[in-house]
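Commentary on secondary and tertiary structure
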Amino acid sequence: MIGVTQAFSKSYAEARVKFLEAAATAGLAVESQLHPEAGRDGEVLAMDVVRDGPADARSLLIVSSACHGVEGYCGSGVQVFALHDAEWRAKAQAQGVAVLYVHALNPYGFSHVRRTTHENVDLNRNFQDFSQPLPVNEAYRELQPLLLPDEWPPTEANAAATGRYISEKGMDAYQAAITRGQHEFPEGLFFGGTAPTWSNRTLRKVLQTYGQSARRVAWIDIHTGLGPSGIGERICACRDDKAALARARAWWDNGGTTPVTSIYDGSSSSAFLTGLMWNSIYEECPQAEYTGIAMEYGTLPPFEMMQALRGEHWLNIHRDAPPELAKQIKTQMMDAFYVDTDAWKGQIISQARQSLFQAVDGLSS
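Okay, so let's go over this structure. What you see is a predicted model; the values in this text were computed from it and never measured.

Analysis parameters
- Residues numbered from 1 in each chain as written.
- Predicted model: local features only at pLDDT ≥ 70, side-chain atom pairs only at ≥ 80, totals over all residues.
- Heavy atoms only, no water.
- Helix = DSSP H or I, 4+ residues; strand = E, 2+ residues; numbered from the N terminus.
- Contact = heavy atoms within 4.5 Å.
- Areas by Shrake-Rupley, 256 points an atom, 1.4 Å probe, with all protein chains shown as cover.
- Phe/Tyr/Trp six-rings, centres within 6.5 Å; stacked < 30°, edge-to-face > 60°.
- Buried < 20%, exposed > 50% of the residue type's maximum accessible area, 1.4 Å probe, protein only.
- Lys NZ or Arg CZ within 6 Å of the ring centre and 35° of its normal.
- Axes fitted to C-alpha atoms, helices over the stretch in contact; angles between N-to-C directions.
- Parallel < 35°, antiparallel > 145°, perpendicular 65-115°, else oblique.
- Nonpolar A, V, L, I, M, F, W, Y, C, P; charged D, E, K, R; others polar.
- Polar contact = N/O pair within 3.5 Å; in protein donor to acceptor, adjacent residues only side chain to side chain.
- Left-handed = near helix turned anticlockwise from the far one by under 90°.
- Arc of directions from axis to C-beta.
- Pairing = 2+ DSSP bridges.
- Core = buried A, V, L, I, M, F, W, Y, C linked by side-chain atoms within 4.5 Å.
- Disulfide = S-S within 2.5 Å.

Considerations on the overall build of the chain
In terms of helices and strands, the chain carries 13 helices and eight strands. Along the three orthogonal principal directions, the C-alpha set of the chain runs to about 60 × 45 × 40 Å. Of the contacts made within the chain by residues no fewer than 6 positions apart, 82% connect residues no fewer than 24 positions apart. By element, 53% of the accessible surface of the chain is carried by carbon and sulfur atoms, the whole surface being about 14,300 Å².

As structure tokens, this is what we get:
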């Protein structure tokens, strides 16, 4: 059994080694989908996939990390710990549930401490039907000139204009305008892209390979950045479907102590979003009844998180920025999506472990 803090890593390269070693220790094969670009330190990047359980299992639980690259520092720790957790593995096996670990959905962002893919795309806004007109985010269009100014840190005038927007429309409106997703500004925040990304295409292949035998599929996708620090909000990651929401709440709300929220009824800390990744499960595994959550762990207050994202996107545009400023921006980015304390890591593992056991019980019910 690995210790809680030992499951987490200081870099993508370290996290990948720990994941591969955990799979080897468990006697499980790894399928690696190699990314076309190199990591921050020149390392190989990959979406690594491990199945724990029979290929013909009728019930499948997917546990994924790093949809938003930098958030993989949290999600990878959960996956590594789970692969070393004999009690958890025995629970899933005894109840006939195969577990599919998808490590580093977006390995580029994980390695480079970015939220986006190498295409500067927010993967969780990229699952659109690109043959159809894409959603227009007029509120983001209004904010774009403020969000990515010519200089960083922002000038007093920029800060005042941002403050006026928030005071007039509210923090929730500011968050919603930015995070909903947009397809108009390729260098902007929460850009959903104009075509499927490498990660989108690769994940679909994984689902086609590993999901065809399943008749019931659950998915826990691990995220960070919203809500109170260390608290895991269970956000229903399904279509606006009353039956799917009811299943998610029956499985994961723990008698109301860990509520399952929804972006459709306003109960979630997340705004209403478009182009979400879970669209892929309906399209690639249509034979399966699907129930899923995004496990969203809190870090910093929303405004501080947004400031970190603004700075990191600014740095991606201004790659000739002074080294000290670049280092400061990247540190802020890490702090916004990963809290490097033993207490926070303990909260992450205990809540993730609870959600895993609940998912197996739900799939077996």
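Additional details are given in the paragraphs that follow.
A short note on the packing of aromatic side chains
Geometrically, a pair of aromatic rings is defined through the distance of the ring centres and the angle of the planes. Using the criterion set out here, one finds 13 aromatic pairs in the structure. Relative to Phe 110, the ring of Tyr 12 lies with its centre 5.2 Å away and its plane at 70 degrees, an arrangement referred to as edge-to-face. Of this pair, Tyr 12 sits in helix α1 (residues 12-25) while Phe 110 sits in helix α4 (residues 107-112), and the two are 98 residues apart along the sequence. Residue class for Phe 110 comes out buried when judged on its relative accessible area of 0%. Among the aromatic residues, those joined into a cluster by ring pairs are Phe 8, Tyr 12, Tyr 73, Phe 110, Tyr 338 and Trp 344. Just above the ring of Tyr 282 sits the side chain of Arg 239; from NZ or CZ to the centre is 3.9 Å.

Side note on the packing of helix α5 (residues 138-147) against helix α6 (residues 156-169)
Here α5 crosses α6 at 155 degrees, and the two axes come no closer than 10 Å. For the element pair α5 / α6, the angle class is roughly antiparallel. Along the contact surface, α5 presents Ala 139, Glu 142, Leu 143 and Leu 146, while α6 presents Asn 158, Ala 161, Thr 162, Tyr 165 and Lys 169. Residue classes in the contact of α5 with α6 are distributed as five nonpolar, two polar and two charged.

Observations concerning the side chain of Arg 216
Summarising the element assignment, Arg 216 is placed in strand β5 (residues 216-229). By relative accessible area, which is 19% here, Arg 216 ends up buried. Among the polar contacts made by the side chain of Arg 216, one reaches the side chain of Glu 289 at a distance of 3.0 Å. Only 3.0 Å separates the side chain of Arg 216 from the backbone oxygen of Ser 365, close enough to count as a polar contact.

Quick word on the packing of helix α7 (residues 171-179) against helix α11 (residues 302-317)
It is at 11 Å that the axes of α7 and α11 come closest, and there the two elements cross at 30 degrees. Considering the relative orientation of α7 and α11, their crossing is left-handed. Between α7, through Met 171, Tyr 174, Gln 175, Ile 178 and Thr 179, and α11, the contact on the second element is made entirely by Pro 302, Phe 303, Met 306, Gln 307 and Arg 310. Here the contact of α7 with α11 is built from residues that sort into six nonpolar, three polar and one charged.

Things to note about the side chain of Arg 247
With respect to the secondary-structure elements, Arg 247 resides in helix α9 (residues 242-252). The buried category is assigned to Arg 247, whose relative accessible area is 19%. Those residues in contact with Arg 247 that sit more than four places away from it in its chain are Arg 216, Glu 289, Tyr 290 and Thr 291.

Remarks on α9
Within α9, burial applies to Ala 244, Leu 245, Arg 247, Ala 248, Trp 251 and Trp 252. Seen end-on, α9 carries its buried residues on one side only, within an arc spanning 160 degrees. Turned more than 90 degrees off the buried face of α9, the exposed positions are Lys 242 and Ala 250. Next to the buried residues of α9 lie β5, β6 (232-236), β7 (260-261), β8 (289-298) and α13 (342-364). Two or three places before Ala 243, at the start of α9, stands the capping residue Asp 241, its side-chain oxygen 2.9 Å from that residue's backbone nitrogen. Positive phi shows up at Asn 254, right after α9, with a value of about 55 degrees.

Description of the sheet that holds strand β4 (residues 97-103)
The pairing of strands in a sheet comes from backbone hydrogen bonds and takes either a parallel or an antiparallel form. One open sheet holds the eight strands; their spatial order is β1-β2-β4-β3-β5-β8-β6-β7, and the pairing between them is mixed. A single partner strand is all that each edge strand has here, and the edge strands are β1 (31-38) and β7. For β6 and β7, the ladder comprises two bridges, and the chain directions are parallel. When the bridges of β7 are listed, Ile 235 appears paired with Thr 261. Across the face of the sheet, α1 comes into contact with β1, β2 (44-52) and β4 while running at roughly 25 degrees to β2.

Details of the nonpolar core
One finds Leu 61, Ile 62, Trp 88, Tyr 101, Ile 220, Ile 281 and Tyr 290 to be the most contacted residues of the largest nonpolar core, which totals 121 residues. A per-element tally of this core places α13 first, with nine residues.

Considerations on the state of the cysteines
Scanning the entire structure with this criterion turns up zero disulfides. No disulfide involves Cys 74; its nearest neighbouring cysteine sulfur is the one of Cys 67, lying 13 Å away.

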